[in-house]
Amino acid sequence: MFAILPGMAAIFLNPDRDYSVMRRHPWIFSGAVERVEGQPEPGETVVIHAADGRILGRGAWSATSQIRIRVWSFNPDQAIDEAFIQARLAQAIAGRGALLAGNVSNACRLVNAEGDGLPGVIVDRYDSFLVCQFTTAGAERWKPVILEALPQLWPCAGIFERSDVEARVHEGLAASCGSVWGEAPPDRIEIREHGCRFLVDVRQGHKTGFYLDQRDNRACVAPYATSGDMLNVFAYTGGFGVVALAAGAASVTHIDQSADALALARENARLNVCDVDDADFVAGNAFETLRRFRDSRRSFDVIVLDPPKFVDARKHVMAACRGYKDINLLAIKLLRPGGILATFSCSGLVTPDIFRKVVADAAVDARRDLQIIQRLQQAPDHPEGLGFPEGLYLKGLLARVLD
Ligand code: SAH
């Protein structure tokens, strides 16, 4: 048990830095590594030793990232081989059973990286196609095995790769996009969600094409907009607004800075309801547009704020909070008495507590009382490891203005 395993590099952690691995946190930062015995290649499996020599598990070596190792398994005896990767994929897909069997959607996340014990591996299903993202050196190394296993585990027409994320730069990996197995997907894949139809651009769209993580929240917010006027800020391809229109909203005004996203939002709205006004799609900066709406005294019954990630470095959390406060303050002022605010943060570094405080600060400045009706988070096909709080990246508040 204390021996160094032949053929594999051995990583020894600093004495005060092995605690988090023992707590089953899957990230090991460069500062936690005391020494490396051997010369691991990027993505190669290394054996992780506590300072006293005990084996704590095995992980993938990232030579250039601050996160030097991502743990595959905390079992000291577990070999990381094809069978291990296949079993983890099978377990992840089996875990989506209820969602896959139901009629809620034909699009869902099948593999959620750390949340499914497969750091760096994301697999999303859009109807009969799979879209994959490999964000780390370890995931990249196992890509051929994963691509071979997936069509057997989930019979599909084709697999498309969208490994064009910023994280790959830190891993020393070039972007890689394109069809990797079977048929190439059409330019737009039509999916269903909550009885609505959506066109998804898996080639160019954000993430793998659609914000699957907001699925449950779209259904949760929609009923509050029935017969009312909704403002869907950071609308992307219309998600929250389309589900609300289908639920009987009188109007939905969409704001997004991306004209392409808004064009698809308009198409998506038209696919589901006949009466869609071009003026309801406002291309522009959300902060400026909300200020303009405030100055022209517009008001709404429901406002959704779903901004992009504002921060990915700890030192920028304060600046991000100012951004969140600003946008929430503007939104709270635009709500009619009794109106509903659905406000989100997908910045992992902004914790639910911090986020609540920021929204509370905004309400104080707006001089309005709000009650929290429900706390929201990412959909269950985006599970978070119990030992990995960073896995809860999307949090939201559904709140009502009391006056
Ligand atoms: N709510 C959406 C997802 C939103 S993603 C859904 O359910 O599908 C965030 C969106 O914010 C992106 O479409 C991006 O184009 C837009 N965005 C980013 N910064 C912006 C800004 N300053 N003003 C307006 N839109 C912005």
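Procedures and definitions
- Residues numbered from 1 in each chain as written.
- Predicted model: local features only at pLDDT ≥ 70, side-chain atom pairs only at ≥ 80, totals over all residues.
- Heavy atoms only, no water.
- Salt bridge = Lys/Arg side-chain N within 4 Å of Asp/Glu carboxyl O.
- Helix = DSSP H or I, 4+ residues; strand = E, 2+ residues; numbered from the N terminus.
- Buried < 20%, exposed > 50% of the residue type's maximum accessible area, 1.4 Å probe, protein only.
- Phe/Tyr/Trp six-rings, centres within 6.5 Å; stacked < 30°, edge-to-face > 60°.
- Lys NZ or Arg CZ within 6 Å of the ring centre and 35° of its normal.

A. Representation of the pattern of salt bridges within the structure. Counted under the stated rule, the structure contains 25 salt bridges. Residue Arg-188 pairs with Glu-267 through a salt bridge whose shortest N-O separation is 2.9 Å. You can see Arg-188 sitting in the loop between strand S11 (176–182) and strand S12 (189–193) and its partner Glu-267 sitting in helix H9 (residues 259–272), a full 79 residues away along the chain. Exposure remark for Arg-188: the relative accessible area of 38% places this residue in the partly exposed category. The exposure class assigned to Glu-267 is partly exposed, which follows from its relative accessible area of 34%. We note a salt bridge from Asp-365 to Lys-325, for which the minimum N-O separation is 2.8 Å. Of this pair, Asp-365 sits in helix H12 (residues 352–366) while Lys-325 sits in helix H11 (residues 317–334), placing them 40 residues apart in sequence. Judged by its relative accessible area of 39%, Asp-365 falls in the partly exposed class. Owing to a relative accessible area of 26%, Lys-325 belongs among the partly exposed residues under this scheme.

B. Highlighting the packing of aromatic side chains. For the structure on display, the rule yields nine aromatic pairs. With a centroid separation of 5.0 Å and an interplanar angle of 55°, the aromatic rings of Phe-198 and Phe-210 are classed as tilted. Highlighted residues: Phe-198 in strand S13 (residues 196–200) and Phe-210 in the loop between S13 and helix H7 (215–221), separated in sequence by twelve residues. Accessibility assignment for this pair places Phe-198 and Phe-210 in one class, buried. Centroid distance Phe-310 to Tyr-324: 4.6 Å. Interplanar angle 40°. Geometry classified as tilted. Linking Phe-310 in the loop between strand S17 (300–305) and H11 with Tyr-324 in helix H11, this pair joins segments that are 14 residues apart in sequence. Residue Phe-310 is classed as partly exposed on the basis of its relative accessible area of 26%. The exposure class assigned to Tyr-324 is buried, which follows from its relative accessible area of 0%. Put simply, the rings of Phe-287, Phe-310, Tyr-324 and Phe-355 touch in pairs and so form one group of aromatic residues. Between Arg-35 and the ring centre of Phe-12, over which it is positioned, the NZ or CZ distance is 3.9 Å.

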